[in-house]
Amino acid sequence: MVLYHQDGIKLFRSSLPYINAHRGKTFVLMFGGEAIEDANFPNIIHDIALLASLGVRLVLVHGARPQIDERVALRNIESRFADGIRVTDKQTLECVKDAAGSVRSQIEALLTMGLPNSPMHGAQIRVCTGNLVVAKPMGVRGGVDFENTGVVRRIDTTGINDHLNDGSIVLLSPMGYSSTGEVFNLSHEDVATQAAISLKADKIIVFSNYEGVHHKDGKLLRTIERPQLEALMLNQEISTEDTVLSALTTSVAAGIPRAHCISYEKDGALLQELFTRDGTGSLVLEHHYEQIRSATIDDVGGILNLIKPLEESGALVKRSRERLENEINQFIVIVRDGMIIACAAVYLYPEDGCAELACVATHPDYRGKNRGERILEAVRNTALDNNIDTIFVLTTLTAHWFLEHGFLPADISALPSAKKELYNYQRNSKVFTLQLR
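Notes on the structure follow. (Residues numbered from 1 in each chain as written. Predicted model: local features only at pLDDT ≥ 70, side-chain atom pairs only at ≥ 80, totals over all residues. Heavy atoms only, no water.)

Brief notes about the overall build of the protein chain
In terms of helices and strands, the protein chain carries 15 helices and 23 strands. Reported as C-alpha extents along the three principal axes, the dimensions of the protein chain are approximately 80 × 55 × 40 Å. Considering the protein chain as a whole, with its 437 residues, one finds that 48% of them fall into the buried category. By sequence separation, contacts in the protein chain at least 24 residues apart represent 71% of the contacts at least 6 residues apart. Averaged over its 44 positive side-chain charges, the protein chain has a centre that lies 6 Å from the centre of its 54 negative ones. (Helix = DSSP H or I, 4+ residues; strand = E, 2+ residues; numbered from the N terminus. Buried < 20%, exposed > 50% of the residue type's maximum accessible area, 1.4 Å probe, protein only. Contact = heavy atoms within 4.5 Å. Lys, Arg positive; Asp, Glu negative; His and termini not counted. Charge placed at Lys NZ, Arg CZ, Asp CG, Glu CD.)

Brief notes about the nonpolar core
Ranked by size, the top nonpolar core spans 41 residues in total, and within it Leu29, Ile48, Leu58, Leu60, Ile107 and Leu270 carry the most contacts. Ranked by size, the runner-up nonpolar core spans 38 residues in total, among them Ile155, Leu164, Ile204 and Val284. (Core = buried A, V, L, I, M, F, W, Y, C linked by side-chain atoms within 4.5 Å.)

Some details on the layout of surface pockets
There is about 950 Å³ of room inside the second largest pocket. Taken together, 35 residues line the second largest pocket, and the ones lying closest to its centre are Ala315, Leu316, Cys359, Val360 and Leu394. In terms of residue class, the lining of the second largest pocket is built from 18 nonpolar, 8 polar and 9 charged. (1 Å grid on protein atoms, 1.4 Å probe; cavity = no way out; pocket = protein on both sides within 12 Å on 5 of 7 lines; lining within 4 Å. Points joined across faces, edges and corners; volume = space filled by probe spheres on them. Nonpolar A, V, L, I, M, F, W, Y, C, P; charged D, E, K, R; others polar.)

A look at helix 9 (residues 242-253)
A rise of 1.5 Å per residue sets the reference length of helix 9, with its 12 residues, at 16 Å; its end C-alpha atoms lie 16 Å apart and thus fit the reference within 8%. A positive phi of about 115 degrees marks Gly255, the residue just after helix 9. (Expected span 1.5 Å × (residues − 1).)

Things to note about the sheet that holds strand 21 (residues 390-395)
Taken together, 7 strands build an open sheet; the order of strands is 17-18-19-20-21-23-22 and the sheet is mixed. Edge positions in the open sheet fall to strand 17 (291-294) and strand 22 (408-410), since each of these has one partner strand only. Sheet twist, expressed as the average angle between the axes of neighbouring strands with direction ignored, equals 30 degrees. Pairing of strand 18 (residues 331-336) with strand 19 (residues 339-349) involves 6 bridges; the strand directions are antiparallel. (Pairing = 2+ DSSP bridges. Axes fitted to C-alpha atoms, helices over the stretch in contact; angles between N-to-C directions.)

Concerning the packing of helix 8 (residues 226-234) against helix 9
Interhelical geometry of helix 8 versus helix 9 gives an angle of 145 degrees and a closest axis separation of 10 Å. As for how helix 8 packs across helix 9, the hand of that crossing is left-handed. Only Leu245, Thr249, Val252 and Ala253 of helix 9 make contact with helix 8, whose side of the interface consists of Arg226, Leu229, Glu230 and Met233. (Left-handed = near helix turned anticlockwise from the far one by under 90°.)

Examining helix 7 (residues 188-199)
Here helix 7 contains 12 residues, and its C-alpha end-to-end distance of 16 Å stays within 8% of the 16 Å for a straight helix at 1.5 Å per residue. The element helix 7 is extensively covered by neighbouring structure, given that 9 of its 12 residues are classed as buried. Along helix 7, the residues classified as buried are His188, Glu189, Asp190, Val191, Ala192, Thr193, Ala195, Ala196 and Leu199. At the N-terminal boundary of helix 7, the capping side chain belongs to Ser187, with an oxygen 3.1 Å from the backbone nitrogen of Glu189. (Polar contact = N/O pair within 3.5 Å; in protein donor to acceptor, adjacent residues only side chain to side chain.)

Some thoughts on the pairing of strand 23 (residues 430-435)
Across 6 bridges, strand 21 lies against strand 23 in antiparallel orientation. The residue of strand 23 that forms the bridge with Ile391 is Leu434.

Focus on unusual backbone geometry
The backbone of Glu147 shows a phi angle near 55 degrees, a positive value even though the residue is not glycine. Examined against the element boundaries, Glu147 turns out to sit in the loop between strand 8 (144-145) and strand 9 (150-155). Given a relative accessible area of 32%, Glu147 falls into the partly exposed group. Unlike most non-glycine residues, Cys359 shows phi in positive territory, near 55 degrees. Relative to the elements of secondary structure, Cys359 occurs in strand 20 (residues 354-362). The class of Cys359 is buried, set by a relative accessible area of 5%.

Some remarks on empty space enclosed by the protein
Across all of its chains, the model carries 1 cavity of 30 Å³ or more by this definition. Taken as a whole, the largest cavity holds about 30 Å³ of empty space. If you trace the largest cavity, you find it lined by Asn40, Ile44, Asp47, Phe207, Ser263, Lys266, Gly268, Ala269 and Leu270. If you list the elements that add at least two residues to the lining of the largest cavity, you get helix 3 (41-53) and helix 10 (269-275). Taken together, the residues of the lining of the largest cavity break down into 4 nonpolar, 3 polar and 2 charged.

Concerning the side chain of Glu189
You can see Glu189 is positioned in helix 7. Buried charged residue Glu189 carries no salt bridge. Nearest counter-charge: Arg65, at 8.6 Å. Setting aside residues up to four positions removed in sequence, Glu189 forms contacts with Met30, Thr243, Ser246 and Ala247. (Salt bridge = Lys/Arg side-chain N within 4 Å of Asp/Glu carboxyl O.)

Section: the sheet that holds strand 5 (residues 127-128)
If you trace the 8 strands from one edge of the open sheet to the other, you get 5-10-2-1-13-15-16-14, paired in mixed fashion. The open sheet has two edge strands with one neighbour each: strand 5 and strand 14 (223-225). Alignment of strand 14 against strand 16 (residues 282-285), held across 3 bridges, turns out to be parallel. Along strand 16, the bridge assignment pairs Thr223 with Leu283. Together, strand 1 (26-31), strand 2 (57-62), strand 5 and strand 10 (169-172) form the strand contacts of helix 6 (residues 157-165), whose direction differs from that of strand 2 by roughly 125 degrees. Sheet strands in contact with helix 8 are strand 14 and strand 16, and its direction is about 85 degrees off that of strand 14.

Digging into the packing of aromatic side chains
This structure, assessed with the given rule, holds 6 aromatic pairs. Relative to Phe407, the ring of Phe402 lies with its centre 5.2 Å away and its plane at 80 degrees, an arrangement referred to as edge-to-face. Each member of the pair Phe402 and Phe407 is classed as buried. Taken together, a centroid distance of 4.8 Å and an interplanar angle of 80 degrees make the contact between Tyr423 and Tyr425 edge-to-face. By relative accessible area, Tyr425 is classed as exposed at 58%. (Phe/Tyr/Trp six-rings, centres within 6.5 Å; stacked < 30°, edge-to-face > 60°.)

This is how it looks when you write it as structure tokens:
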């Protein structure tokens, strides 16, 4: 019980930087009708309420495909699709209205619930919706008339921001309205991405049946740049839902800084993704002007030039060219216009479940702008991919940087046996560790 209490305090304290960072930011959350039917959905609502209480400006966009399918079947209406898009005739449109209205009411009810001894007690959340999405008909494509199926024409950003500024959560359904008074059935993916883009949202968070963006071999891609993801999609190497992938890539390509993909089945996935260092799902970013990658033998000269001043100052242990050539596969570099401007090495100790982060260096002209954080993220991913639980570092001059990034002071006894035997007591480096799980 005491351990649980202490773990809770530690978790809460470690989340404070993220709480401060997210306050006042605009997040668009996209979830399909499948998520709403999942047993975990009430927990997602509780987590959404927590985000709202922490000052995050929230726009929720829901889908309703399974709910529409159910109503179409009950009315014995023939479902028609072309290229995966529903053809919405007049009868089907009534099913769309019924399903979307029912789902919207269900979400509003969950956000209003405030029973004593429940996570929502005292929340008093206001939910606003309305004719905030202007639509136009999809028209005739490939000879198919999609009738009342439409696409987003415009998002009423003024109206949405007015609600957000009043402290309300905005809820958008997969329907849009035209100036001629028509109603259109929209893709919730289209509504979510266009809302995020129009609002210049800080994040779009997409709930998926998967834990995140998965390679077809089952590997979770924790952080990936958009062009790389699109290349994998083109080669059919990604197993995550197409609608989810499209929302992620479209949003990032249009300027949304970060797009997250998390599971709607995993309890606490939303909070873990936003308030812990490692998250739980996948993060998609735009292509960086500076490329981060594994080092090759051709990078030896550039790394030597980068680390030489730090070796001379005593900040880094000296490495010979021969040693660097032998260990080049352990290095990660950031390259800008062919020049190596940052590097780090990762030495794995799998038998001890840990890895060493070493030789961290950034060119003096390029310090700042989160380059160190990008290197650390790459090191963290390498460690996790190798089932490593702990990263340790030895440092003499940069202790504060590691403390600021979640490392904790440790004793020499925390080092793996092979490393303890090589510890230089004259250098008297301080030891810091970072738990990954």
